Amino acid sequence: MSVFLEVEQIDKVFSLPGGGNYIALKGVELTVRQGEFVSLIGHSGCGKSTLLNIVAGLDRPSTGRVALAGRPVLGPGPDRMVVFQNYSLLPWLTVRENIALAVDEVYTDKSKKEREEIVRSHIQLVGLTPAADKKPAQLSGGMKQRVAIARALSIRPELLLLDEPFGALDALTRGNLQEQLMRICEETGATCMMVTHDVDEALLLSDRIVMLTNGPQSRIGQILEVPFERPRTRLEVVNHPNYYSLRSEMLYFLGQQKRIKQLRSRQKGPIARHGLEKVNLEVGYLPLTACAPLVVAKEKGFFNRHGLEEVTLVREPSWRAVVDGVAGGYIDAAQMPAGMPLWFTLGGHEDKPLPVVTSLTLSRNGNAVTLGKKFLDLGVFSQADLKAYLQRTARDRHTFGLVHPASMHNLLLRHWLATGGIHPDRDVDLTTLPPAQMIANLKVGNIDGFCIGEPWNIRAAAEGIGFTVATDLEIWPGHPGKVLGVREDWAQTYPNTHLALIKALIQACLYCAEEANAEEIRGLLCRDEYLGADPAYVQLGEGESNTCALGKDRLQYAHHLFAGAGVNRPSRTEQLWILTQMARWGDVPFPRNWVEVIERVCRVQAFSTASRELGLEVDYRRGPIRLADGTPFDADDPLGYLKALEIKSDVYIAEVPLPASLAAR
Amino acid sequence: MTTTLEGRRQSPVQQLVAALPDAKSLQKLAAPVVAIGVFLLLWQLLTLSPDATLPGPAKVVSETWGLIVDPFFRGSGTNQGLFWQIAASLQRVALGFSLAAAVGIVVGILIGANALIYSALDPLFQVLRTIPPLAWLPISLAAIQQSEPAAIFVIFITAIWPVIINTAVGVQQIPQDYNNVARVLQLSRPKYFFKVLLPAALPYIFTGLKIGIGLSWLAIVAAEMLIGGVGIGFFIWDAYNSAKVSEIVLALVYVGLVGLLLDKLVGFIGRLVAPTER
C-alpha cells in the first residue's frame, strides 16, 4: 500500500507569554498508509494532541510539512475530520441536526433526500435511532461520543482523526465503543490516527503505535508494529502470544520517559571536589546478587573513602533501561553484563557504534540455566535429554528467556545448547525479558526455561517452578559476569573520577570476597531498596552449596567470585571470546579490526593504575580460556575458532569504523 | 389531597416525611409575606408620631385611593391615570432600549469577533459605561434640543454599554471546540453565524440585555423628572412639587414593581431563546 499521509520534519514552537519559546515537537517524521490505523501514545504534554491538530490543520507547524495523498495540508478541512476529546457537539442542535450540519456542508451536490438518508443511516450505524431527536444534554457521555463518531464518519473523511475519543468514558462504555469503532473502521476501510494514553486500547485498535518522548522537544521515540490479524476481537487480541510482550514494550517506553524526566530534574552539573572532576555520580545496576560490590561500596563507605561523596545507585528494571541510561547520558556508570561494552561499541544499540569501556570485572559466575518444572517430570537433565525432547515435540514452540542480547546469559545459554547439538536460533526461540519477570513467565508457561543470574534460579527452585539444569560450572567456570562500564567519552572527561570509582569498587569486591562478611552483605542486599528479596535466596560464598534440591544430581552451586587471582582484571582474551560468540550468533559482524576494538573496550591500564595505587598485586598471567566442554579457544586465531564451530548463524566479517575518541580529536 | 393506593399503604411517619417538602415550600412562600408585613408594621409605627414628615402605609393608601382604583383615568395634559403615566415611560424605554439592543448586539459581535478592535475600543467602553445616565442628559439636550428624543437617547446610551460588552465577551467565549468543528467542516459564514456564533453567544447577550433593561428603567425615571411631560418620573416630581408625599410613595411602589417585571420578562425570553443547559 502506498504512502497516504506524510508528516515531514515537523517542529512546533510555542512562544511563551513571558517571552522565550517552548519547543513542543522536534523533527517528527511519520508516514501512514491508506487504511492503516495508527495510534499516538505518550505522557501528558508530550505533544501528541498538538501533532494531531497539525495533521488536522487546526494548528500550523513551525517548520516542516504535512501532506495528505500528495496534497499539502494548509488548513482544516472535512477530508480530515476530527473526533474531539470532549465530543464537541453543538448543544442547541439535536443529534440529527448535529450530523446534518456536517453532511449538508460536505455533500452540497446531493439532494436533500439523499442527505437525509446519509444522516439516518449513520445514526443507525452507531445505534442511536431512538435518540435521533434528542439534544446532547439529554445523552450520556458514551452516546455523545457515538454521535461525534457518526458525524465524523458521515462525511467519509479520507483520514479520521481521533483525539482521546474514549478518555472520558467509563470502562464498560469504552470497551463497547472501541469494538464498535474497530468494526466500523474495518467495514469502511477508514485511515485513522488516534491519540490515546491507554496501552490496551492502542493494542486493540492499531496497526502501528507511535510512541512519543516527553516534552520539551518531543519526538517519535519508537514505533511498534501490531501484528494481530484483522478482523480482530478483543479476546483474540488479549490472548495473542505477543500481546504481553508488546504491552510491556509500551509500558517500558512510557516508564522510561518518566524516569528520564526524574533523572533530568535531578541532574546537576558535575560537582568537582578533592581533585576529582565529578563526585556526584549516578550508577546504574540491576537487583541481582552480583550487584553486591556496588551496594557494599555505597553502604560501607568505599565510595566516600575515595572522594566520591555523592554517588546514587540507580536501580534499573532491565538491562535495556541500563542501555538507554548509558546511551542517553542519564547515568554516569553502570554494572553491565560482560558483553555489553563490546555490544555498545560495535553498534548494538540502534546500529550506532558508541564506544563504551570497561576497566574492572565486578563478578564472575553466579549464573545458571533453569528449566520449567515439567522437564523435571519428563526427566530432562542434560542437553542430550533436551535435544531428544525437542525432536519429539518439534511442532511446538519452545521458548527460552534471556535478559539481554549482550549478556553472558545469552552467550552461555546459546553455547550450552549448541554444545548439546541444539541450534539456539532454529530449534528453539529465545526471547528477551527483564530478570524480575522471568519467574512469572516460567510459571504461566510462556517460556520453557531461562538462563539468568542469581537469585532467580534459586528462587525458581525454592518455589517449585523450575529447577537448575546447568550452572557456570557446567559451561564456563569463572567466566566474567558483570563488569563496570562507562562511556569512553565519560572516562576521558573524568579520568580521575573513573580511577576513584575503580578503586572504590576493587575494595568493595575484596570486602565481598571475605567469607566473614557474607552475612552482613546478605543483609544489605536484601534491603527493599536493593533486591528486596528473601535472604534465603541470596547465596554468597558460604553454607549450602547445592543449587537446588530438585533434579537428578544435585548440582554444585557456582558461587559468585568477587575477588581473587585475576578475578577483577579485565581480560582481552575473555572479551575476544565474547566477541566471537556475538559474531557466531550474528548479533554483530566479526570486526576485521578486532584488535583495535578489543583495545578500545578493554582498558587494562586503568585497572593496573588503580590496583597499584591501592598497593595490590596485579596478576597479569594470561591463561587460555577453559570452557567446560573442552573446546580450546586460541586468542590468536579467533577466525579459525569461529570457522571450526559447527553450530552457528551466518558469520560475517566487516570493518567496523569506530567513532574517533575524544583524546584523538 | 387525594390518597392513592400507595399513599394508604404508607405509615403516618412516611406520609409526614412525604408531606415535608410541601411544608417547606409553604414556608418559603410565607417568609416574604411575613417580612413585608413586619416592614409595613414598622413603617406604620415609625410614622405614628404627629411630627412625622412622611405618611404611614395606611395614610398612603387612604390618600391615594383614587389613583389606585382608577389607573386608567384620562385627564388633560399631565393629569393622567397611573397606567398611562407608566405606559408613557415604558414606551420611551421600549424605543430607546430596542435601539440599544439592536445596535449593541451588532457592535458587540463585530468587536467580539476581532481581537484588535476589541482591545482598541474596550477601554473607551469601560469609561463610557461608568457615566451615570443623568449625566448624559444635558449633553443630549444640547445636541438634540428636543426633550422627547433627548430622553430616548439617554435610555439608548445607558443601555447600550452592557449589551455591547456582554455580547463581545460572549463571542469571544465561544468554546474553541465549537470553532474547531466549524473550521474542520469549513462551515460557510452565514451558517457559522446562525448555527454556532449566535447560539453560543446568546446567553451572554441576554445577560447584557437584562442589565441594560434595568439601567434603562433607572434612567427614564430620572430623565423624566427633568424633561417633564407624561411619565412616571415627572409624575413623582409633580407630586413632590405639590407636596403629595403619599403619591410619591405609591409611584415608587409601581416603579419598583414594573422594574422587577421588566427584568423577569427579559430573563423569561432569554430562557425561551437560549436554554442554559449544555
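Scroll up for the structure.
Quick caveat, the model's predicted, so the values are computed rather than measured. (Residues numbered from 1 in each chain as written. Chains lettered and ligands numbered in written order. Predicted model: local features only at pLDDT ≥ 70, side-chain atom pairs only at ≥ 80, totals over all residues. Heavy atoms only, no water.)

Asks: Which parts of the structure should I look at to understand the nonpolar core?
Replies: Counting 147 residues, the largest nonpolar core has L5(A), V7(A), M193(A), I209(A), M250(A), W217(B) and I232(B) as its most contacted members. If you tally residues by element for this core, the top one is helix α10 (residues 189-227) of chain B, at 14 residues. Beyond its immediate sequence surroundings of up to four residues, M250(A) is in contact with I41(A), V199(A), A202(A), L203(A), I209(A), M211(A) and L224(A). Counting residues in each nonpolar core, the second largest holds 77 residues, with V356(A), M408(A), M582(A) and L658(A) among its members. (Core = buried A, V, L, I, M, F, W, Y, C linked by side-chain atoms within 4.5 Å. Buried < 20%, exposed > 50% of the residue type's maximum accessible area, 1.4 Å probe, protein only. Helix = DSSP H or I, 4+ residues; strand = E, 2+ residues; numbered from the N terminus. Contact = heavy atoms within 4.5 Å.)

Asks: Hey, could you run me through the packing of helix α7 (residues 133-144) of chain B against helix α8 (residues 147-172) of chain B in this one?
Replies: To characterise two packed helices, one gives the angle between the axes of the helices and the distance between these axes. Residue and element names in this part refer to chain B. At their nearest, the axes of α7 and α8 sit 9 Å apart, and the two run at 135 degrees to each other. One element, α7, and the other, α8, form an angle in the oblique class. With respect to the hand of their crossing, α7 and α8 are arranged in right-handed fashion. The segment α7 lies against α8, with P133, W136, L137, S140, L141 and I144 engaging S147, P149, A150, F153, V154, I157, T158 and W161. Tallied by class, residues from the contact of α7 with α8 come to 11 nonpolar, 3 polar and no charged. (Axes fitted to C-alpha atoms, helices over the stretch in contact; angles between N-to-C directions. Parallel < 35°, antiparallel > 145°, perpendicular 65-115°, else oblique. Left-handed = near helix turned anticlockwise from the far one by under 90°. Nonpolar A, V, L, I, M, F, W, Y, C, P; charged D, E, K, R; others polar.)

Asks: I'm lost on a nonpolar patch on the surface in this one. Help?
Replies: Residue and element names in this part refer to chain B. On the surface, V34, V38, L41, L42, L45, L46 and L48 cluster together into a nonpolar patch covering about 720 Å² of accessible area. Mapping L46 onto the fold places it in helix α2 (residues 12-46). L46 sits in the exposed class, given a relative accessible area of 67%. (Patch = residues over 30% accessible without salt bridge, like charges linked within 9 Å, V, L, I, M, F, W, Y side chains within 5 Å. Areas by Shrake-Rupley, 256 points an atom, 1.4 Å probe, with all protein chains shown as cover. Salt bridge = Lys/Arg side-chain N within 4 Å of Asp/Glu carboxyl O.)

Asks: Mind showing me how you'd approach the interface of chain A and chain B here?
Replies: Often the size quoted for an interface is simply the accessible area lost on bringing the parts together. Counting residues at the interface gives 23 residues for chain A, matched by 17 residues for chain B. Taken over both partners, the interface formed by chain A and chain B buries close to 1,900 Å², and the fraction arising from carbon and sulfur atoms is 68%. Taken as a group, W92(A), L101(A) and E105(A) account for 31% of the area that chain A buries against chain B, more than any other trio of residues on that side. Seen at the junction of chain A and chain B, the total is 1 salt bridge. Residue E105(A) is joined to K191(B) by a salt bridge in which the shortest nitrogen-to-oxygen separation is 3.6 Å. Inspection of the chain A/chain B interface yields 5 residue pairs in polar contact (both at pLDDT 80 or more). At 4 residues, helix α2 (residues 95-106) of chain A tops the list of elements feeding residues into the side of chain A that touches chain B. Residues belonging to the side of chain A that touches chain B are distributed by class as follows: 15 nonpolar, 4 polar and 4 charged. (Buried area = accessible area lost by both parts, 1.4 Å probe. Polar contact = N/O pair within 3.5 Å; in protein donor to acceptor, adjacent residues only side chain to side chain.)

Asks: Help me understand the packing of aromatic side chains, please; the structure alone is not making it clear to me.
Replies: Centre distance and the angle of the planes are the two values used to describe a pair of aromatic rings. Residue and element names in this part refer to chain A. Under the counting rule described, the total for this entry stands at 19 aromatic pairs over all chains. Taken together, F228, Y243 and Y244 form an aromatic cluster joined through their ring pairs. One cation-aromatic arrangement involves K278 over Y494; the distance from NZ or CZ to the ring centre is 6.0 Å. (Phe/Tyr/Trp six-rings, centres within 6.5 Å; stacked < 30°, edge-to-face > 60°. Lys NZ or Arg CZ within 6 Å of the ring centre and 35° of its normal.)

The quantities given are spatial measurements derived from coordinates; they are silent on function.
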